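Chain by chain, the residues:
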Amino acid sequence: MRARSGRPAVFLDRDGTLIRDRHYLGDPDGVELLPGAAAAVRRLRDAGFAVVCVTNQSGIARGLLTWDDFRATQARLEEMLAAEGARLDGVYVCPHHPEITGPCNCRKPAPGLFLRAARELGLDLGASYCVGDRWRDVAAAERWGGRPILLATGPDAGTDERVRVAADLADAARMILADAAARREAGR
């Protein structure tokens, strides 16, 4: 499942990673960037990583929010990032829930959205990272040779000693940038 064709990416979960998790957020006024999130996105992009949001939004399948609600909250997030000099390279959404819409290949931890992003954005999945506050957000990285990082703020941190844990997105960015510097140094 490895796609080796371009630049590395950092795939970010949205709720609980970039913004405060408000459970089925459909109101743009409820978007609250987590501390250090915009600076982390900016630093990663400045270092040459594509930064891609991959999010499960089962509230759409459940009828708790509409696509328009999702687009409005996402637009608000992107406005807030832009105000701090940051931006995302792509946003990929799974609107499904298996009990309502049946199984799909795009609901994390399935790899569908990551593979699609790699094709569309020309990404090297084997050199990429997944960062999220839940195991399902990062588990797909193991399928395509990427590196998962769980945030300590989520319920799954520390449940698997093979997975690195970061305090927050800013800490995850520091870890990723340190890895990149070490790889560059080793290549000399």
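Residues numbered from 1 in each chain as written. Predicted model: local features only at pLDDT ≥ 70, side-chain atom pairs only at ≥ 80, totals over all residues. Heavy atoms only, no water.

1. Here we look at the overall build of the protein chain
Helix and strand counts for the protein chain come out as eight helices and six strands. Its helices and strands in sequence order give the protein chain the pattern β-α-β-α-α-β-α-α-β-α-α-β-β-α, from N to C terminus. A globule of 188 residues ought to have a C-alpha radius of gyration of about 16 Å, and the protein chain, at 16 Å, matches this closely. When the backbone C-alpha atoms are referred to their principal axes, the protein chain occupies close to 55 × 35 × 35 Å. Taking as baseline every contact in the protein chain between residues at least 6 positions apart, the subset at least 24 positions apart corresponds to 62%. Split by element, the accessible area of the protein chain, about 8,700 Å² in all, is 48% carbon and sulfur. Side-chain charges in the protein chain split into 27 positive and 26 negative, and the spacing between the mean points of these groups amounts to 5 Å. (Helix = DSSP H or I, 4+ residues; strand = E, 2+ residues; numbered from the N terminus. Rg over C-alpha atoms; globule rule 2.2 N^0.38 Å. Contact = heavy atoms within 4.5 Å. Areas by Shrake-Rupley, 256 points an atom, 1.4 Å probe, with all protein chains shown as cover. Lys, Arg positive; Asp, Glu negative; His and termini not counted. Charge placed at Lys NZ, Arg CZ, Asp CG, Glu CD.)

2. Describing unusual backbone geometry
Cis geometry is adopted by the peptide bond preceding Pro-109, which originates at Lys-108 and carries an omega value of 20 degrees. Summarising the element assignment, Pro-109 is placed in the loop between helix H4 (98-101) and helix H5 (112-121). Even without a glycine there, the phi angle at His-23 is positive, about 50 degrees. Under the relative-accessibility criterion, His-23 is labelled exposed at 56%. (Buried < 20%, exposed > 50% of the residue type's maximum accessible area, 1.4 Å probe, protein only.)

3. Quick notes on the sheet that holds strand S1 (residues 9-12)
Within a sheet, adjacent strands bond to each other through the backbone by hydrogen bonds, running parallel or antiparallel. Judged by pairing direction, the sheet is parallel, and its six strands sit side by side in the order S3-S2-S1-S4-S5-S6 without closing on themselves. The sheet terminates laterally at strand S3 (90-94) and strand S6 (164-166), the two strands that pair on one side only. For this sheet, the mean angle separating the axes of adjacent strands, direction not counted, is 25 degrees. One ladder, built from four bridges, connects strand S4 (residues 129-132) with strand S5 (residues 147-151); its direction is parallel. When the bridges of S5 are listed, Gly-132 appears paired with Leu-150. (Pairing = 2+ DSSP bridges. Axes fitted to C-alpha atoms, helices over the stretch in contact; angles between N-to-C directions.)

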